[in-house]
Amino acid sequence: MIIDFFYQLIRFVVLVLIQVLILNNLLLPGVFNPYIYPLFLLLLPIRMPIWLLLLVGFVAGLTIDLFSNTMGMHAAASVLLCFMRPQVLKLIEPSGGYEQTDKPSLNHMGFRWFATYASILVVIHHLFFFFIETLEFGQFGFMLLKILLSTSLSLLIIFLTEFFFIRRKSR
Amino acid sequence: MRNIFSLLVRYHAFMLFILLEVSSIVLIVNNKSYHRAAFINSSSVISAKVFTVYNNFIEYIHLSQENKRLADENAALRNQLKNSFYDASFQQITVNDSVYKQLYKYIPAKVVNITINKLNNYITIDKGKNQGVDVKMGVIGPNGIVGIVKDVSDNYASVIPVLHNDFKVSARVGAGGNLGSLSWNGGSPEFAQLDGIPKQIKIAVGDKIYTGSETKKFPENILVGIISSFTPNTNDNFYDIEVHLSTDFRSISYVYVVNNLMKNELENLEQHSQNDN
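Residues numbered from 1 in each chain as written. Chains lettered and ligands numbered in written order. Predicted model: local features only at pLDDT ≥ 70, side-chain atom pairs only at ≥ 80, totals over all residues. Heavy atoms only, no water.

K.L.:
Teacher, can you tell me more about the confidence of the model for chain B here?
P.N.:
Low pLDDT marks regions whose predicted coordinates should not be analysed in detail. Residue and element names in this part refer to chain B. Counting all residues, the mean pLDDT for chain B is 80, and 86% of those residues have values of 70 or more. This stretch, residues 34-38, has a pLDDT under 50; its non-local contacts, to residues over four places away or in other chains, come to 10 contacts. Long-range and interchain partners of residues 86-97, a stretch whose pLDDT sits below 50, account for 1 contact in this model, where long-range means more than four residues apart. (pLDDT = per-residue confidence, 0-100. Contact = heavy atoms within 4.5 Å.)

K.L.:
Would you take a moment to explain the confidence of the model for chain A for this structure?
P.N.:
With 95% of its residues at a pLDDT of at least 70, chain A reaches an overall mean of 87. The least confident element of chain A is helix α5 (residues 106-109) of chain A, whose mean pLDDT is 84; the most confident is helix α2 (residues 38-42) of chain A, at 94. (Helix = DSSP H or I, 4+ residues; strand = E, 2+ residues; numbered from the N terminus.)

K.L.:
Quick question: what am I supposed to make of unusual backbone geometry here?
P.N.:
Comment: phi is negative for the bulk of residues other than glycine, and the bulk of peptide bonds are trans. Residue and element names in this part refer to chain B. A positive phi angle, near 70°, is found at K136, a position not held by glycine. Note on placement: K136 falls in the loop between β2 (123-125) and β3 (138-140). By relative accessible area, K136 is classed as partly exposed at 29%. (Buried < 20%, exposed > 50% of the residue type's maximum accessible area, 1.4 Å probe, protein only.)

K.L.:
Help me understand empty space enclosed by the protein in this model?
P.N.:
Gaps left between atoms show up when a probe the size of a water molecule is rolled over them. Counted according to the given criterion, the structure contains 2 cavities of 30 Å³ or more. By volume, the second largest cavity is sized at about 80 Å³. When the residues that make up the lining of the second largest cavity are grouped by side-chain class, the tally is 3 nonpolar, 5 polar and 3 charged. (1 Å grid on protein atoms, 1.4 Å probe; cavity = no way out; pocket = protein on both sides within 12 Å on 5 of 7 lines; lining within 4 Å. Points joined across faces, edges and corners; volume = space filled by probe spheres on them. Nonpolar A, V, L, I, M, F, W, Y, C, P; charged D, E, K, R; others polar.)

K.L.:
Just checking my understanding: could you explain the packing of aromatic side chains for this structure?
P.N.:
Residues and elements named next belong to chain A. Applying the stated criterion to the full structure yields 16 aromatic pairs over all chains. Aromatic side chains F12 and F40 sit 4.9 Å apart centroid to centroid with 50° between the ring planes, which places their arrangement in the tilted category. Of this pair, F12 sits in helix α1 (residues 2-22) while F40 sits in helix α2, and the two are 28 residues apart along the sequence. Between F111 and F163 the ring centres are 5.6 Å apart and the planes differ by 20°, which places this aromatic pair in the stacked class. Of this pair, F111 sits in helix α6 (residues 111-134) while F163 sits in helix α7 (residues 140-164), and the two are 52 residues apart along the sequence. Residue F111 is classed as partly exposed on the basis of its relative accessible area of 39%. Chaining the aromatic ring pairs together yields one cluster made of Y98, F111, W113, F114, Y117, F159 and F163. (Phe/Tyr/Trp six-rings, centres within 6.5 Å; stacked < 30°, edge-to-face > 60°.)

K.L.:
How do you make sense of the pattern of salt bridges when you look at a structure like this?
P.N.:
Scanning all chains against the criterion turns up 5 salt bridges over all chains. For K146 of chain A, the salt bridge goes to E133 of chain A, with nearest N and O atoms at 3.0 Å. Here K146 of chain A, found in helix α7, pairs with E133 of chain A, found in helix α6; they are 13 residues apart in sequence, far enough to count as distant. Assigned by exposure class, K146 of chain A and E133 of chain A land together as buried. The salt bridge involving K129 of chain B is made with D154 of chain B; its shortest N-O contact spans 4.0 Å. Of this pair, K129 of chain B sits in the loop between β2 and β3 while D154 of chain B sits in the loop between β4 (145-152) and β5 (157-161); the two residues are 25 residues apart in sequence, bridging distant segments of the chain. The exposure class of K129 of chain B is partly exposed, given its relative accessible area of 48%. Residue D154 of chain B is classed as partly exposed on the basis of its relative accessible area of 44%. (Salt bridge = Lys/Arg side-chain N within 4 Å of Asp/Glu carboxyl O.)

K.L.:
It is not clear to me how the interface of chain B and chain A should be interpreted in this structure. Could you clarify?
P.N.:
Accessible area lost on assembly of the parts is the figure often given for the size of an interface. Taken together, the contact between chain B and chain A spans 33 residues of the former and 38 residues of the latter. Counting each side, the surface lost to burial between chain B and chain A is near 3400 Å², with a carbon and sulfur contribution of 67%. When residues of chain B are sorted by the area they lose upon contact with chain A, N117, K118 and L119 of chain B head the list and together hold 19% of the total. The tally of links from chain B across to chain A stands at 0 salt bridges. On the surface where chain B and chain A come into contact, there are 3 residue pairs in polar contact (both at pLDDT 80 or more). Counting residues per element, the ones that place at least two in the side of chain B that touches chain A are α2 (12-32), α3 (45-61) and β1 (104-114) of chain B. No other element matches the 13 residues that α2 of chain B contributes to the side of chain B that touches chain A. A per-class count over the side of chain B that touches chain A returns 15 nonpolar, 14 polar and 4 charged. (Buried area = accessible area lost by both parts, 1.4 Å probe. Polar contact = N/O pair within 3.5 Å; in protein donor to acceptor, adjacent residues only side chain to side chain.)

Structure representation (structure tokens):
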């Protein structure tokens, strides 16, 4: 239990650092804004109570906000992701339900399950985030292109990260 | 009462969700106001520390480029020194000059964090209140204008660069030309848009754009960029001008904060005359 907690904490710190030091500084055209930190929220334990999930999401979002001068925007998007997560988990529940030892990762649940799970939630997160970001500029065509391209890039990065950490024994 | 309580227990997740979303939105809205010193942003202590440590690593990579840039700037400044001019008039008498009073002071600062691919970008610099930086001061780089200080903490400040929705500065075409207003439309970080130049004025691609005289944040005639393209607007009397910014935000790492020593006097005077009306 405590070991698991430390795993989550280390993952959080590493993903936040990758996000704010590398991904936020990529010299890509403005339509590519990839975000890797939602992976931390995706990988939280399946049976985590929803109130705790929401609070963790809020804090994680605020941490990213703190580093990218987007006060509240990532927090709002992360809280929405956390709120939708139990619904999505229920939607794609394998027949026979989740086992006690299951973790919502590519390693445990296989690529097809994880791809569906991550895609739905990352799309929700990015839609909401870029929608808030665009509200004041009003360039909705640009926003749609940005959502499409940034979401694809984020998902690609998230899948690659998960593949990188896949364990040999479960193959 | 019991009903309310059981309702709370039953829908606690949804209520908490709404509560957290509302607090996020309050944060977003509060952060919009331009003059308010935002409580949490990149000039806050923790994030600024992280960026400084990271930046110290990254700096080594760009060291040679940066040295060259500084050397170039030194050379340019050296050219303006008195002893690099040939003194043609032997009769000249040296007097202790009390005619010119210093108007602008420059505080050199290092960029510790910068974003350029967002719709609202920010720069964090490593000088703050303790070094004399204050909100609404102008910031310029070796090649031209950079932005305006938004918030200051003790040792850091966050700057709104040209690449921000709230940024506006008056600018003119050529030295002494017509005044327009420069802003950014959220597109490429290399280009900004100049508005308010009347169609009857003759302009050409390659014309230089300088800061105007009535902006108190920047010295007059600081380079902004050059005209890269322009079209007459069909709806009004002005041109739509694309300006290629002279500052390369992708590679900027040292800037100067401009302190206008007579700004308070000017503002008090203007305030005073407005109140009289």
